[in-house]
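Coordinate analysis (summary)
Okay, here's what each chain looks like letter by letter:
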Amino acid sequence: MARHAVRSAEEYRELVQLRVHGGLDDPTALDQADGQLAQQRGGVAQLEGAARLDLVQLAALAGVSLEELGDLVPRPLPAADTDLPPDARLGLIARRPDIAAARWQIEASAKNIDQARKAYYPDVSLTALGAYLRTYPDLGSGTRTELTLGGIGPSIQLPIFSGGRLRAQYEGAQAQLDTAVAQYDGAVVQAAGEVAQGVETLRMLDARGVQQDRQLEAARAQQRRAGDRRSKGLIDDRDWLRADMQVDQQRDARLQIDSQTLSANLSLIHALGGGYRADDLPDLPAVAAGKESTR
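1. Quick look at the overall build of the protein
Across its full length, the protein carries seven helices and two strands. Along the protein, from the amino end to the carboxyl end, the secondary structure elements read α-α-α-α-β-β-α-α-α. For the protein, buried positions account for 30% of its 295 residues. Within the protein, contacts between residues at least 6 apart in sequence are counted, and of these 74% link residues at least 24 apart. Here the protein displays about 19000 Å² of accessible surface, and carbon together with sulfur accounts for 53% of that area.

Laid out in structure tokens, this is it:
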């Protein structure tokens with residue numbers, strides 16, 4: 001399409017040049033035609049350069065040279081889709097890697113709390129413990145943490161002598177859980193915001209596409225009328241070429257919207273953690289309920 005626009009600009013410039021040389025137009029008209037042609041050629045150069053960069057990136061991703069890529073056949077862009085499935089819900093983001101990792105962090109922190117709580121209740125015979133305490137009546141509130149209970153087995157740890165350390169461990173585990181829950185909540189809020197932005201972007205692009213289609217149809221109608229008038233000798237080729245280039249501009253604007261829609265679709269898929277039309281989706285866990293149960 002860009003090359004077609006260049007050809008139209010070249011034909012327009014030739015007509016203007018003939019009129020300027022014939023004394024029918026001011027030389028500034030030729031300057032304007034030259035500028036318009038240079039702009040169209042610059043657009044082609046930009047697109048060709050972007051295409052070459054795409055090939056370099058494809059070769060790098062495939063781990064091959066440019067020559068080994070072979071001939072790539074251009075294909076039409078996929079149809080832009082701005083519709084969401086009717087059952088789309090926030091639970092879709094549970095599949096996101098960062099959300100899943102944050103959820104696993106909560107589960108690990110909850111297990112640390114269980115381990116810290118068990119440290120308060122060692123598995124020891126109360127009869128042997130009573131005999132030991134009668135043997136050492138002056139223990140007081142010392143900081144001794146390990147006791148050898150005669151014939152009842154190996155050394156054990158008693159919370160009555162290390163309560164401060166155990167309490168610190170328990171509170172540290174609880175702090176880790178609170179931090180994990182806060183990180184999870186933040187990740188969910190951020191993901192929900194990205195999804196909401198993606199949905200609104202698609203809606204905005206859909207509305208813009210409707211209006212752009214109307215502009216394109218109006219430009220084509222003007223081109224048809226210009227063609228009819230040219231065929232009857234009422235206007236020269238310049239007016240028809242201007243209408244033709246206007247159609248190219250409106251087509252380009254439509255393609256830009258389609259490209260933005262495809263990019264927005266990819267961003268929404270990324271925000272949802274994958275294709276949002278998949279089945280068997282995991283449920284979003286109730287973080288608040290899980291936090292209270294661990295306490």
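There's plenty left to go through after this.
2. Topic: helix H6 (residues 237-271)
Taking 1.5 Å of rise per residue, the 35 residues of H6 would be expected to cover 51 Å, and the 51 Å separating its terminal C-alpha atoms lies within 8% of that figure. Of the residues flanking the start of H6, the one acting as N-cap is Asp-236, its side-chain oxygen 2.9 Å from the backbone nitrogen of Arg-238. Positive phi appears at Gly-273, one or two residues downstream of H6, with a value of about 85°.

3. Points about the nonpolar core
Where a protein is soluble and globular, its nonpolar side chains tend to be buried together. The biggest cluster of nonpolar side chains holds 21 residues, and the ones touching the most others in it are Ile-93, Ile-99, Ile-106, Tyr-184, Val-195 and Leu-268. Elements supplying a minimum of two residues to this core: helix H3 (97-118), helix H5 (163-231) and H6. When residues of this core are assigned to their parent elements, the largest contribution, 12 residues, is made by H5. Among residues more than four places away in sequence, those in contact with Ile-99 are Ile-93, Ala-94, Tyr-184, Ala-187, Val-188 and Ala-191.

4. Some details on the side chain of Arg-254
By secondary structure assignment, the location of Arg-254 is in helix H6. Judged by its relative accessible area of 18%, Arg-254 falls in the buried class. For Arg-254, the side chain forms a polar contact with the main-chain oxygen of Gly-209, separated by 2.9 Å. In this structure, Arg-254 is in contact with Gly-209, Val-210, Gln-212 and Asp-213, ignoring residues within four places of it in sequence.

5. Let's talk about the packing of helix H1 (residues 2-21) against H6
The geometry of H1 relative to H6 is characterised by a closest axis approach of 10 Å and an angle of 155° between their N-to-C directions. As far as their axial angle goes, H6 and H1 are roughly antiparallel. The chirality of how H1 crosses H6 is left-handed. Residues His-4, Ala-5, Ser-8, Ala-9, Glu-11, Tyr-12, Leu-15, Val-16 and Arg-19 of H1 lie in contact with H6, whose contacting residues are Asp-237, Arg-238, Leu-241, Arg-242, Asp-244, Met-245 and Asp-248. Grouping the amino acids of the contact of H1 with H6 by side-chain chemistry returns seven nonpolar, two polar and seven charged.

6. Re helix H2 (residues 27-62)
An α-helical turn contains 3.6 residues, so any two residues separated by three or four positions project in the same direction. Taking 1.5 Å as the rise per residue, H2 with 36 residues should run 52 Å; its terminal C-alpha atoms sit 53 Å apart, in good agreement. Listing the buried residues of H2 in full gives Leu-30, Ala-33, Leu-37, Gln-40, Val-44 and Ala-59. Against the buried residues of H2 lie H1. Looking one or two places after H2, you find Gly-63, whose phi comes out positive at around 70°.

7. Regarding the environment of His-4
Summarising the element assignment, His-4 is placed in helix H1. The partly exposed category is assigned to His-4, whose relative accessible area is 28%. Remark: the alpha-carbon pair of His-4 and Val-44, spanning 40 residues in sequence, is separated by 9.9 Å.

8. Points about the confidence of the model for the protein
Mean pLDDT over the protein stands at 77; residues scoring 70 or higher make up 69%. The secondary-structure element of the protein with the lowest mean pLDDT is helix H7 (residues 287-294), recorded at 42, while H2 shows the highest, at 93. Across residues 123-157, confidence stays below pLDDT 50; counting only partners more than four residues off in sequence or on other chains, it has 30 contacts. Confidence over residues 287-295 falls short of pLDDT 50; this stretch has 14 contacts with residues more than four positions distant or in other chains.

9. Quick look at the pattern of salt bridges
Applying the stated criterion across every chain yields a total of 13 salt bridges. Its salt-bridge partner being Glu-48, residue Arg-3 comes within 3.3 Å of it at the nearest N-O pair. Taken together, the positions of Arg-3 in helix H1 and Glu-48 in helix H2 put the pair 45 residues apart, joining distant regions of the chain. Classification of Arg-3 as exposed rests on a relative accessible area of 52%. Taking the shortest distance from any N to any O, the salt bridge between Glu-217 and Arg-224 comes out at 3.4 Å. One connected set of salt bridges, linked through shared partners, spans Arg-19, Asp-25, Asp-236 and Arg-238.

Calculation rules
Residues numbered from 1 in each chain as written. Predicted model: local features only at pLDDT ≥ 70, side-chain atom pairs only at ≥ 80, totals over all residues. Heavy atoms only, no water. Helix = DSSP H or I, 4+ residues; strand = E, 2+ residues; numbered from the N terminus. Buried < 20%, exposed > 50% of the residue type's maximum accessible area, 1.4 Å probe, protein only. Contact = heavy atoms within 4.5 Å. Areas by Shrake-Rupley, 256 points an atom, 1.4 Å probe, with all protein chains shown as cover. Expected span 1.5 Å × (residues − 1). Polar contact = N/O pair within 3.5 Å; in protein donor to acceptor, adjacent residues only side chain to side chain. Core = buried A, V, L, I, M, F, W, Y, C linked by side-chain atoms within 4.5 Å. Axes fitted to C-alpha atoms, helices over the stretch in contact; angles between N-to-C directions. Parallel < 35°, antiparallel > 145°, perpendicular 65-115°, else oblique. Left-handed = near helix turned anticlockwise from the far one by under 90°. Nonpolar A, V, L, I, M, F, W, Y, C, P; charged D, E, K, R; others polar. pLDDT = per-residue confidence, 0-100. Salt bridge = Lys/Arg side-chain N within 4 Å of Asp/Glu carboxyl O.

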